[in-house]
Amino acid sequence: MTMLKLFGIIFFYGLLSPSQEVLSGLSCAVSPGAVQKVLSDAILQNGLLQQHLQGLVLPNIMGEGGLLNSPTSITGLHLVQVRLPKLSVVLLPGIGIKLSIAAKLELSGNCLVGLLSELINISADVNITANIKCTNFESGTVQVVTEDCLCILGAIRIKLLSGLLSLSVNEVVLKQLTATLPGLLCPVVDIVMNLMNIQLLGTLNAVIPVGTAGTIHYQLASLPFASGSFLRLDLDGAVKQVGGSIIPHDSSPSALPPLLDRLLVLGLRQSFLNAVLSLLVQIPPQTFTCTPEIVSVAAAVFDAGECSACRGTSPLSIRLTLPGSPLILLEDKRATVELSVLVQVFIWRSDGPILNVVLLKADLSLNVHVSIAGSRLVLGLSMG
């Protein structure tokens, strides 16, 4: 069983399920809510959004006609807490994703109405939507661009320490927040998305050591592609043997079938998998000494005149050698691994070199079962 540690953060969440369709590459996909969960965990659960909103300071709010028609000013208005944040994702064909974040902002500041100064607490429901797309692909990295960001205010609740509040104060606050919050929140979303992009790309651009055999370096092969039903990421990379020599493979794009019921598709080129298998499946020759019963049977056959030099009780051994590299073949709803095995049956002789009895080359075709276990892509091999 061969295990490839790939795909980083999406695999770590255990959300991938293997596709049943393979062509010239292997594809894996997640359920419709998987991308949303990954982004929600990265942006909300890990506190990335809250962290960058903590320094949010709103401009002073000035208005006329407070209590007794006195001028009103609200200063030092700042964010105290972000409550109940929720994130949702919709795919946009040819663009990327539409990101929506709903939250309740708790603000606090000082309110001066006439000569009366006191604390003011403001609770504002906000809904931020933005189109997120990837551009400028180069060497496995992409740039995330936030477009058409819109911030919509919902219910606003204002509380003064004294409990005295006029309609004019409420109107002034609503007007000022509607005018200023989008210009403050949308840049924060842009910063958060770029930081998250760096984090996620770090999991899709990694060098994995394979014991003492070498390393596997995988990364994005092209810009992510979005349709109305799935988001596809193609992976490619370099496979290096110990000492630095690269196992060559064809990096031309793979023709994967569309997966209409999937949200995220991760693609691996067949040629890249072949290079990986060449590194992983480096089994040294295996030698087995036969039991005395087998030796006796073989000796009886040889005594019949087939091999006069084989008479006696000399140990009969079998050696298995892989003379070449395995080759994985991906077809519609089927995957196989082809490899050649050299079977050598020989006798050790104390008075000279070994005596070959049989040399047999066997071409094997092994069925491949693709699955996900923990954070690993697993290829289970079995005889056909």
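No experiment lies behind these values; they were computed from the predicted model shown.

About the thresholds
Residues numbered from 1 in each chain as written. Predicted model: local features only at pLDDT ≥ 70, side-chain atom pairs only at ≥ 80, totals over all residues. Heavy atoms only, no water. pLDDT = per-residue confidence, 0-100. Contact = heavy atoms within 4.5 Å. Helix = DSSP H or I, 4+ residues; strand = E, 2+ residues; numbered from the N terminus. Polar contact = N/O pair within 3.5 Å; in protein donor to acceptor, adjacent residues only side chain to side chain. Buried < 20%, exposed > 50% of the residue type's maximum accessible area, 1.4 Å probe, protein only.

Regarding the confidence of the model for the chain
Per-residue confidence for the chain averages 78 on the pLDDT scale, and 77% of its residues sit at or above 70. Of the regions scoring below 50 in pLDDT, residues 1-32 engages in 131 contacts with residues more than four places distant in sequence or in other chains.

Some thoughts on the side chain of Ser271
Relative to the helices and strands, Ser271 resides in helix α5 (residues 270-280). Reaching out from Ser271, the side chain makes a polar contact with the backbone oxygen of Asp250 at a distance of 2.3 Å. Beyond its immediate sequence surroundings of up to four residues, Ser271 is in contact with His249 and Asp250.

With respect to unusual backbone geometry
Even without glycine at this site, Leu84 takes up a positive phi of about 50°. Relative to the elements of secondary structure, Leu84 occurs in strand β5 (residues 72-92). What makes Leu84 exposed here is its relative accessible area of 62%. Positive phi, close to 55°, is recorded for Asn136, a residue that is not glycine. For Asn136, the position within the fold is in strand β7 (residues 116-138).

Regarding α5
Burial runs high along α5: 9 of the 11 residues are buried. For α5, every residue scored as buried is listed here: Ser271, Phe272, Leu273, Asn274, Ala275, Val276, Leu277, Ser278 and Leu279.

Some details on the environment of Ile120
Here Ile120 is to be found in strand β7. On the accessibility criterion, Ile120 (0% relative accessible area) is buried. Expressed as a C-alpha distance, the spacing of Ile120 and Thr75, which sit 45 residues apart in the sequence, is 9.6 Å. Among residues more than four places away in sequence, those in contact with Ile120 are Ile74, Leu107, Ser108, Gly109, Asn110, Cys111, Ile158, Lys159 and Leu160.

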